[in-house]
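Notes for the structure review
The primary structure of each chain is shown beneath.
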Amino acid sequence: MGISISHGVPSTRSAHTIANLGQHLAHALTGAEWREISHLFDGRLYTPVHTPPAQAGRIAALLMKAASSRAMDSEWRELAVLLGGAANRAARAGQNWVWD
C-alpha cells in the first residue's frame, strides 16, 4: 500500500521507503531535530496525517538541512528534497500537508 503525499509529490511512496529515508535522516540531523520529524519517518506511521502549515514549514527546513548533509546518499537526498519541497508548498499556501 502506498502513501499519497500532498502538494506535489507525484506518486505514492511505500511505508518501507519512508522508513528507509528516516534512517538516513536520523544520521543527518541532530537528535532533537530528528525527534521533531520522527513521527513521519520512524516506520510506525499511521495515516492519514494532517500536518499544520507552521509545522510543515519546520519539517521542510529540516528535510532540506538533511539533504544538504554529506551524510545523505544521493538517492535519499533526492527524496528528502522532493518531500521538503512539498512541505514548503503546503506551508506557504497556509494549508495542511496531508499524507494518506
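A brief look at the structure comes next. (Residues numbered from 1 in each chain as written. Predicted model: local features only at pLDDT ≥ 70, side-chain atom pairs only at ≥ 80, totals over all residues. Heavy atoms only, no water.)

Where helix α3 (residues 53-67) meets helix α4 (residues 74-93), the closest approach of the two axes is 8 Å, and the angle between their N-to-C directions is 155°. As judged from the angle between their axes, α3 and α4 are roughly antiparallel. Relative to α4, α3 is oriented so that their crossing is left-handed. Mapping the contact onto sequence places Pro53, Ala56, Gly57, Ala60, Leu63, Met64 and Ala67 in α3 and Arg77, Ala80, Val81, Leu83, Gly84, Gly85, Ala87, Asn88, Ala90 and Ala91 in α4. Grouping the constituent residues of the contact of α3 with α4 by class yields twelve nonpolar, four polar and one charged. (Axes fitted to C-alpha atoms, helices over the stretch in contact; angles between N-to-C directions. Helix = DSSP H or I, 4+ residues; strand = E, 2+ residues; numbered from the N terminus. Parallel < 35°, antiparallel > 145°, perpendicular 65-115°, else oblique. Left-handed = near helix turned anticlockwise from the far one by under 90°. Contact = heavy atoms within 4.5 Å. Nonpolar A, V, L, I, M, F, W, Y, C, P; charged D, E, K, R; others polar.)

This paragraph deals with the environment of Glu78. Relative to the helices and strands, Glu78 resides in helix α4. Each C-alpha atom of the pair Glu78 and Trp34 lies 18 Å from the other, and the pair is 44 residues apart in sequence.

It is worth spelling out the nonpolar core at this point. One finds Leu21, Leu25, Phe41, Leu83, Trp97 and Trp99 to be the most contacted residues of the largest nonpolar core, which totals 31 residues. Elements that contribute at least two residues to this core include exactly α1 (15-28), α2 (31-41), α3, α4 and β4 (97-99). If we ignore the near neighbours within four places in the chain, the residues touching Leu21 are Phe41, Met72, Trp76, Leu79, Ala80 and Leu83. (Core = buried A, V, L, I, M, F, W, Y, C linked by side-chain atoms within 4.5 Å. Buried < 20%, exposed > 50% of the residue type's maximum accessible area, 1.4 Å probe, protein only.)

Think of an α-helix as 3.6 residues a turn; residues three or four steps apart then line up on the same face. Compared with an ideal rise of 1.5 Å per residue, which puts 14 residues at 20 Å, α1 spans 20 Å between its outermost C-alpha atoms and is within 8% of the ideal. Listed as buried for α1 are Ile18, Ala19, Leu21, Gly22, Leu25 and Ala28. Buried residues of α1, seen end-on, are gathered within an arc of 165° and therefore sit on one face of the element. Turned more than 90 degrees away from the buried face of α1, the exposed residues are His16, Gln23 and His27. On the buried face of α1, the contacting elements are β1 (2-3), β2 (13-14), α2, α3, α4 and β4. (Expected span 1.5 Å × (residues − 1). Arc of directions from axis to C-beta.)

Each pair of aromatic rings is reported with the distance of its centres and the angle of its planes. The tally for this structure, following the rule as stated, stands at two aromatic pairs. Aromatic pair Trp97 and Trp99: ring centres 5.3 Å apart, planes at 90°, arrangement edge-to-face. On the basis of relative accessible area, Trp97 is assigned to the buried category, the value being 0%. When its relative accessible area of 0% is taken as the criterion, Trp99 is described as buried. Members of the aromatic cluster, joined through ring pairs, are Phe41, Trp97 and Trp99. (Phe/Tyr/Trp six-rings, centres within 6.5 Å; stacked < 30°, edge-to-face > 60°.)

Bringing the packing of α1 against α2 into the picture now. Between two packed helices, what matters for the description is the angle formed by their axes and the separation of those axes. Relative to each other, α1 and α2 sit at 165°, their axes nearing to 9 Å. It follows from the interaxial angle that α1 and α2 lie roughly antiparallel. In the crossing of α1 with α2, the sense of the turn from one axis to the other is left-handed. Contact residues: Ile18, Ala19, Leu21, Gly22, Leu25 and Ala26 in α1; Trp34, Ile37, Leu40 and Phe41 in α2. Split into classes, the residues belonging to the contact of α1 with α2 amount to nine nonpolar, one polar and no charged.

Scope: geometric values only; no functional claims are made or implied.
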